[in-house]
Amino acid sequence: IIFTDKTGTLTENKMVVRSYQIAEGYFEVSRTSNEDKLTFSKEGINVNTNSYPSLENCLKIGALCNNAAIDQQSSKSFIGDPMEVALLSVGNASGFSKGRLLKYYPELREEAFDPEKRMMATYHNDQGKVFVAVKGAPESVLKASSYYFENGESITLDQDKRKIWQKRNQEMAADGLRVLAFAYKWVANEKEMPYDNLEFAGLTGIADPARPEIKQAIQQCRSAGIRIVMVTGDQAGTAQKIARDVC
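Residues numbered from 1 in each chain as written. Predicted model: local features only at pLDDT ≥ 70, side-chain atom pairs only at ≥ 80, totals over all residues. Heavy atoms only, no water.

**Student:** An account of helix 7 (residues 236-246) is requested, with residue identities and associated values reported.
**Tutor:** Restricting attention to buried positions, one finds in helix 7 the residues Gly237, Thr238, Ala239, Ile242 and Val246. Considering only its buried residues, helix 7 is in contact with helix 5 (159-174), strand 13 (178-187), helix 6 (214-223) and strand 15 (228-231). (Buried < 20%, exposed > 50% of the residue type's maximum accessible area, 1.4 Å probe, protein only. Helix = DSSP H or I, 4+ residues; strand = E, 2+ residues; numbered from the N terminus. Contact = heavy atoms within 4.5 Å.)

Written out as structure tokens, the structure reads:
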């Protein structure tokens, strides 16, 4: 038996943001021909992000609540976790660069990623108030959220709405995407707790395709009587899709 990690072993570890799910719908993300700009489309029609505040909130949080960095001399050089780099890249290409945002929302402190809570948060000065940006596993962020944002209104996130968001999360994972959730709130100071009474912003789906040579390697192992077991912290739906792609 061989136990193998998924990310970076079975997959390329080259992560790219492919989609966002907010209350107003599902948005696909694609690069333009010059690779420096992005297009966002809903039901096949290109849209402007400024028409959807929740989508802009997801882009903003993805850039602010992030420990990766982009080389100032080359926008194609990145430092940090590939998933966070993917969020910075989509932010840069859509007008939400981390450097620009930090001029308006200086960081006050960070609540480091907690493996048990599966979330991280950053606190930012927002004209005398404190903006808390949160990203993490969908189940964890949904549990910490009391509201969600739709059509300019904060709406109570009741059990029925939570089930709808959980279903959306599962559908994205079943497409082989790594799914992250975003949420936020404003508080009086940076000492307040980060993970309660959040306003849920939405989900993002990040693609990490399987390595093309892996399928043949797995077939050779099986021919030799070796069983392959994939080990991953991703959701079951994401893992199952990658497993099907490499077998």
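**Student:** Just give me the short version of unusual backbone geometry, but keep the residues and values in it.
**Tutor:** Backbone geometry at Arg118 places phi at a positive 60 degrees, although glycine is not the residue there. Looking at where Arg118 falls in the secondary structure, it is placed in the loop between strand 8 (107-114) and strand 9 (119-126). According to the relative accessible area criterion, Arg118 is partly exposed, its value standing at 34%. With a phi angle near 55 degrees, Gln127 is a residue other than glycine that sits in the positive phi range. Looking at the element boundaries, Gln127 is found in the loop between strand 9 and strand 10 (129-136). A residue is classified by how much of its surface remains accessible, and Gln127, at 80% relative accessible area, is exposed.

**Student:** Account for a nonpolar patch on the surface, with residues named and values stated.
**Tutor:** There is a patch of nonpolar side chains on the surface, built from Ile1, Phe3 and Val231 and spanning about 340 Å² of accessible area. With respect to the secondary-structure elements, Ile1 resides in the segment before strand 1 (2-5). On the basis of relative accessible area, Ile1 is assigned to the exposed category, the value being 65%. (Patch = residues over 30% accessible without salt bridge, like charges linked within 9 Å, V, L, I, M, F, W, Y side chains within 5 Å. Areas by Shrake-Rupley, 256 points an atom, 1.4 Å probe, with all protein chains shown as cover. Salt bridge = Lys/Arg side-chain N within 4 Å of Asp/Glu carboxyl O.)

**Student:** Talk me through the nonpolar core; I want residue IDs and the actual numbers.
**Tutor:** Val17, Tyr20, Phe40, Ile61 and Ile206 are the most contacted members of the largest nonpolar core, which totals 38 residues. Elements with a minimum of two residues in this core: strand 2 (16-22), strand 3 (25-31), strand 4 (38-42), helix 1 (53-64), helix 2 (82-93), strand 10, strand 13 and strand 14 (198-207). Take this core: its biggest share by element is seven residues, from helix 2. Non-local contacts of Tyr20, meaning those with residues more than four positions away in its chain, are made with Gly25, Tyr26, Phe27, Val29, Phe40, Leu55, Cys58, Leu59, Val90, Phe182, Leu203 and Thr204. Membership of the second largest hydrophobic core comes to 23 residues, among which are Tyr123, Val130, Tyr195 and Phe200. (Core = buried A, V, L, I, M, F, W, Y, C linked by side-chain atoms within 4.5 Å.)

**Student:** Which residues make up helix 2, and what values go with them?
**Tutor:** Here helix 2 contains twelve residues, and its C-alpha end-to-end distance of 16 Å stays within 8% of the 16 Å for a straight helix at 1.5 Å per residue. Here helix 2 lies mainly inside the structure; ten of its twelve residues are buried. Among the residues of helix 2, Met83, Glu84, Val85, Ala86, Leu87, Leu88, Ser89, Val90, Gly91 and Ala93 are the ones counted as buried. Put simply, Asp81 is the residue that caps the front of helix 2, since its side-chain oxygen is 2.9 Å from the backbone nitrogen of Met83. At the C-terminal side of helix 2, Gly95 shows a positive phi close to 90 degrees. (Expected span 1.5 Å × (residues − 1). Polar contact = N/O pair within 3.5 Å; in protein donor to acceptor, adjacent residues only side chain to side chain.)

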